[in-house]
Amino acid sequence: MKKLLIQLDTDTYPATFDTVVAYDGGADPVLAYGGLTPDSVAPLVEGAIFTRAPKDKKNTAIFIGGSNVAAGEALLNAVKKKFFADFRVSVMLDSNGSNTTAAAAVAKLRTSGELAGKRAVVLAGTGPVGQRAAVMLAREGASEVRITSRRLESAERACRDIQVRFGVTAVVPVEADSHDARAQVIQDAQIVIAAGATGVELLEARHWQDNPNIELIADANATPPLGIGGIDMLDRGVERHGKIVWGALGFGALKLALQRACVAKLFETNKLVLDAEEVFAIAKEMA
Ligand SMILES: NC(=O)c1ccc[n+]([C@@H]2O[C@H](COP(=O)([O-])OP(=O)(O)OC[C@H]3O[C@@H](n4cnc5c(N)ncnc54)[C@H](OP(=O)(O)O)[C@@H]3O)[C@@H](O)[C@H]2O)c1
């Protein structure tokens, strides 16, 4: 029986990245739809849950993507609301690669040093990847996770969303709209993750290399200029200036393997829901 993945994207065009990785994860075919909202998704979910016998339902699964993680969460809730009794299929949320990218970065940092009890900063952490990374750091016991934004209101909104969705209270919003301001925010931190937009530099090397407190650094941005100057996108837990550094491609291999593995898992049962917690648990096993 064919392993059908129904890819539901909140953006106009479904992400081809997710389509390719879905095929590589064992889905075949992938049926991709864009522009979805909680109000428009019902017929697509009904087509997934009513078409196969109970023992065969595990061969149909749903993947939710798109650039806005809050919109993705809303879509996930709408999808789950349509499920009842055994009329359900496994579903995964990974808006903009948020869960798999953050999980890969934090799982790799975790192999390089202790996270519990440490102060962490997620630079430009208001996007999908940054928000998830902040949650995962907090769940690993970081004593405080600062989320920076160029605008305080954006950082506050991200922290509020995290508190509502995950009940995590260790997140702190901070406004930092320049390299120097961000350098100030990381001054007393031990862990720094850069989660800024593609091709945006957030710090130069001089802002972190002489900082005696920083122990672990990860940068998600793989497009030059990188998020953090003075590191290499291929860095795989290498030591630079006394800190352990992970570049975007350094942990990117785990991100891709993780996304494929999660897609494969969707077809093992019709009951899985893979969101931040579940994806992070799988990442920790794989790292
Ligand atoms: N390594 C991997 O495997 C992998 C996989 C997927 C994604 N990524 C990368 O992960 C990073 C984060 O992804 P995302 O989708 O979460 O990012 P995003 O939503 O595009 O951007 C994150 C934040 O960057 C800030 N930002 C935008 N332009 C800026 C500027 N000019 N100066 C300073 N800050 C700016 C914004 O925060 P404010 O407006 O609040 O300041 C925004 O919320 C990206 O670089 C992406 O390419 C890596």
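The residue numbers shown here count from 1 along each chain, following its written sequence. pLDDT decides what is reported in this predicted model: residues at 70 or higher carry local features, side-chain atom pairs at 80 or more are listed and counted, and totals for whole chains, interfaces and linings draw on all residues regardless. Heavy atoms from the whole structure form the basis of all side-chain values; hydrogens and water molecules are not counted.

Outline the nonpolar core, listing residues and values.
For our purposes a nonpolar core is just a set of buried Ala, Val, Leu, Ile, Met, Phe, Trp, Tyr and Cys residues, chained together by side-chain atoms within 4.5 Å. Think of it in three bands: residues with accessible area under 20% of the maximum for their type are buried, residues over 50% are exposed, and the middle band is partly exposed, with areas taken using a 1.4 Å probe on protein chains only. Residues Leu5, Val106, Leu109, Leu137, Val145 and Val171 are the most contacted members of the largest nonpolar core, which totals 51 residues. With sequence-adjacent residues up to four places away left out, Leu137 is seen in contact with Val106, Leu115, Ala120, Val122, Ala142, Val145, Ile191 and Ile193. Counting residues in hydrophobic clusters, the runner-up holds 20 residues, among them Leu123, Val192, Ala194 and Ile217. Any two residues whose heavy atoms approach within 4.5 Å at even a single point are treated as in contact.

Could you give me a rundown of the pattern of salt bridges, with the residues and numbers involved?
A side-chain nitrogen of Lys or Arg and a carboxyl oxygen of Asp or Glu constitute a salt bridge if their distance falls within 4 Å. One pass over the structure, following the stated rule, counts 18 salt bridges. Across the pair Arg119 and Asp188 runs a salt bridge whose closest N-O atoms are separated by 3.6 Å. Here the residue Arg119 occupies a position in strand 5 (residues 119–123), and Asp188 occupies one in the loop between helix 7 (179–185) and strand 8 (191–194), the gap between them amounting to 69 residues. A residue is classified by how much of its surface remains accessible, and Asp188, at 31% relative accessible area, is partly exposed. One salt bridge in this structure joins Lys284 and Glu140, with 2.8 Å as the shortest N-O distance. Of the two residues, Lys284 is situated in helix 9 (residues 276–286) and Glu140 in the loop between helix 5 (128–139) and strand 6 (144–149); the sequence distance between them amounts to 144 residues. It is possible to trace a salt-bridge network through shared partners that takes in Glu73, Arg132, Arg139, Arg165, Asp275 and Glu277. Helix numbers and strand numbers start at the N terminus; a helix is a DSSP run of H or I with at least 4 residues, a strand a run of E with at least 2.

For the site of the ligand, give the residues involved together with the corresponding values.
Close to the ligand lie 22 residues; Asn96, Thr126, Ser149, Arg150 and Gly196 are nearest. Take Asn96: an N or O atom from its side chain is 2.8 Å from an oxygen atom of the ligand. One of the backbone N or O atoms of Pro128 is found 3.2 Å from an oxygen atom in the ligand. For the shell around the ligand, the elements supplying multiple residues, two or more each, are helix 5 and helix 8 (248–266). No other element matches the four residues that helix 8 contributes to the shell around the ligand. Nearness of a residue to a molecule or strand requires only that one of the residue's heavy atoms be within 4 Å of it. Between N or O atoms, a polar contact is any pair within 3.5 Å; within protein, one atom must be a potential hydrogen donor and the other a potential acceptor, and residues adjacent in sequence are included only when both atoms are from side chains.

Describe in detail a nonpolar patch on the surface, supporting the description with residues and values.
Patches here are clusters of residues that have more than 30% relative accessible area and form no salt bridge, with a 9 Å joining cutoff for like charges and a 5 Å cutoff for nonpolar side chains (Val, Leu, Ile, Met, Phe, Trp, Tyr). Throughout, the Shrake-Rupley method with a 1.4 Å probe supplies accessible areas, and for residues the shown protein chains are the sole cover considered. On the surface, Phe50, Phe84 and Phe87 cluster together to form a nonpolar patch covering roughly 290 Å² of accessible area. Mapped onto the fold, Phe50 is located in the loop between helix 2 (42–49) and strand 3 (60–65).

Account for helix 4 (residues 98–112), with residues named and values stated.
Every α-helical turn comprises 3.6 residues, leaving residues that sit three or four positions apart pointing alike. Helix span is expected to be 1.5 Å times the residue number reduced by one. Helix length check: helix 4, at 15 residues, gives a terminal C-alpha distance of 21 Å against a target of 21 Å (1.5 Å per residue), a fit within 8%. Helix 4 sits mainly inside the fold: twelve of its 15 residues count as buried. Among all positions of helix 4, only Ser98, Asn99, Thr100, Thr101, Ala102, Ala103, Ala104, Ala105, Val106, Ala107, Lys108 and Leu109 are buried.

Explain the environment of Thr169 residue by residue, including any values.
Structurally, Thr169 can be placed in the loop between helix 6 (152–166) and strand 7 (171–175). Spatially, the C-alpha atoms of Thr169 and Leu274 are 22 Å apart, while their sequence positions differ by 105 residues.

Outline the sheet that holds strand 2 (residues 30–33), supporting the account with residue identities and numerical values.
Overall, parallel pairing links the five strands, which are arranged 2-1-3-4-12 in an open sheet. Strands with a single pairing partner mark the edges of an open sheet, and in this sheet they are strand 2 and strand 12 (273–274). Two strands form a pair only when DSSP identifies at least two bridges running between them. The sheet contact formed by strand 3 and strand 4 (residues 90–93) spans four bridges and is parallel. Bridging across to strand 4, Ile64 finds its partner in Leu93. Comment: axis = line fitted to C-alpha atoms, over the contacting stretch for helices; angle = value between 0 and 180 degrees taken between N-to-C directions. Of the strands in this sheet, strand 1 (4–9), strand 3, strand 4 and strand 12 touch helix 8, which is tilted by about 160° from strand 4.

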